[in-house]
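Listed below, chain by chain, are the residues.
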Amino acid sequence: MSTSSTNPDDTAFVEAVAQNITRHRMFSRGDRVLIGVSGGPDSVALVNVLMSLASKLGLSLGVAHLDHGLRGPAAERDAAFVTTLARQKGLPCHLHREDVRAYSLRHRVSIEVAGRRCRYAFFKQVAASEEYHKTALGHHADDKAELVLMNILRGSGPQGLTGITAVRAPWIVRPLINQRRTAILAYLRATGTNFVEDETNQDPTFLRNRVRHQLLPALKNTYNPNIISALNRLSAVARDEEAWLATVMQPLYDQALVSDSANRIALSLPAIHCLPVAAQKRLLRMALKQLKGELRRISHRHIRHILALASKPGTEGRLDLPDRVQIVRRNDALEFIQKTGIRQTDKRSRKDRTPVYAYTLPTPKTPCGSLALEPIDGVLQYAILSADQVPAFSAMGPKAAFFDMHKLQFPLLIRNIQPGDRFRPLGVGGSQKVKKFLIDHKIPRHLRRRTPVLVSDTRIAWLAGFRIDDTVKVDAATQTVFKCELLLA
């Protein structure tokens, strides 16, 4: 595998990446740079390019690879490929295996979210222990366009349109972020560089793959042949405007700030009320980000509820948010509190605040869709697949369930767990109470409150996020599969 390019086109590619590195001031001379390498085309191209530029930029490089524990022999193949690549390049190689599925179950997040968290935690740990200054990742322009489009589909606000940044936080850098996937593949072909393909990148059960392989090609062929460039321009405009708005909002935030400590921030209600609603929402998000360090699990619905609390007549009120954040209105101040412990008296007096709910899912008229479950801050995503599209069981996330569609009776019902609910858990061999199943599997009480059931013709077909009923399982005779996935904020 070549570490330098002699073809003019290859040189142009490397030079374009070098210009992007310079524009965003990604590296300083003497930096030790850790490269996250999956073995796929993007990360392998990144290794080649940084090897070509290392001497010029004064960099020393290393490679990091995480096995997510999801793909068995295929993951072992990828790890072996990365190890060989690093040895051929003369680079130190840091390998680690993480049980991402267990993390997903433990933290009640999707496999994709769990994988991303584990990767970044691994990179951060290696960088700290091995004294790397920066971590370089292989995201590119197509990745950014896909994320922008996915955020649009989710109903994101302006911040979701900014896409993937070139520099993040500031130890994460993305030298390839302005390059198209086609240019990366052309560069690899021209340099005769091998790579490995992750077969799950073709799996249509994942939203990103459907966006990549179905939606974007349809938009390109039918509406705009330059859709990737258009989405990247949208991202750039949104990012510039967000940067400008941050400078506008900071003085307003400083004026509204009454007090600021590690676990408590107080804002002046009169200062909030004199602003336009859009500015009020941004002010609340700024306070929450200052308190939590990030805005994950904070939805538009939460911001709307805080505004309602701030506008409610009276002098006192309280609102509980995810991650043990509490909003308290006292007189003319709105307090944002990060609770760090639970008193025993609070445990005894806490009541189940999840309201009773029931949603109907009619017979789907499209291949995929979703249903918002607002009382539990969740979304039920569904898709209709052919039997040969169902992934191997080892690749399935804990929140996903696959049913023989002809064994279901629509409309389906999604509702709370009710006293006396029973089902036949797949693989158990008999009927069991839902409550006993959850207790036996050591599911905490507060998570049980957020767990719905999917009902087909009065029978529970799925204890969402945990186990399907044996009577609706996919078998050798199955032709059409109905996939459901529960995503909780």
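Residues numbered from 1 in each chain as written. Predicted model: local features only at pLDDT ≥ 70, side-chain atom pairs only at ≥ 80, totals over all residues. Heavy atoms only, no water.

Turning our attention to the sheet that holds strand β22 (residues 480–488). Taken together, four strands build an open sheet; the order of strands is β13-β14-β22-β15 and the sheet is antiparallel. The outermost strands of the open sheet, each flanked by one partner alone, are β13 (368–373) and β15 (400–404). Averaged over all adjacent pairs, the angle separating strand axes in this sheet is 20°, with direction ignored. As judged from the six bridges shared by β13 and strand β14 (residues 378–386), these two strands associate in the antiparallel manner. Looking at β14, one finds that C368 is bridged to A383. (Pairing = 2+ DSSP bridges. Helix = DSSP H or I, 4+ residues; strand = E, 2+ residues; numbered from the N terminus. Axes fitted to C-alpha atoms, helices over the stretch in contact; angles between N-to-C directions.)

The next point concerns the confidence of the model for the chain. Confidence in the prediction of the chain, expressed as mean pLDDT, is 87, and 93% of residues score 70 or more. This model gives residues 1–5 a pLDDT under 50, and the stretch forms 19 contacts once residues within four places in sequence are excluded. Every residue in residues 342–352 is under pLDDT 50, and counting partners more than four places away or in other chains gives seven contacts. (pLDDT = per-residue confidence, 0-100. Contact = heavy atoms within 4.5 Å.)

Attention shifts here to the pattern of salt bridges. For the structure on display, the rule yields 22 salt bridges. Among the salt bridges present, the one from R181 reaches E146, with a minimum N-O distance of 3.2 Å. Here R181, found in helix α7 (residues 181–190), pairs with E146, found in helix α6 (residues 141–153); they are 35 residues apart in sequence, far enough to count as distant. The buried category is assigned to E146, whose relative accessible area is 1%. Where R208 meets E146, a salt bridge forms, and the shortest distance between an N and an O atom there is 3.1 Å. One end of the pair, R208, is in helix α8 (residues 207–222); the other, E146, is in helix α6, with 62 residues separating them in the sequence. (Salt bridge = Lys/Arg side-chain N within 4 Å of Asp/Glu carboxyl O. Buried < 20%, exposed > 50% of the residue type's maximum accessible area, 1.4 Å probe, protein only.)

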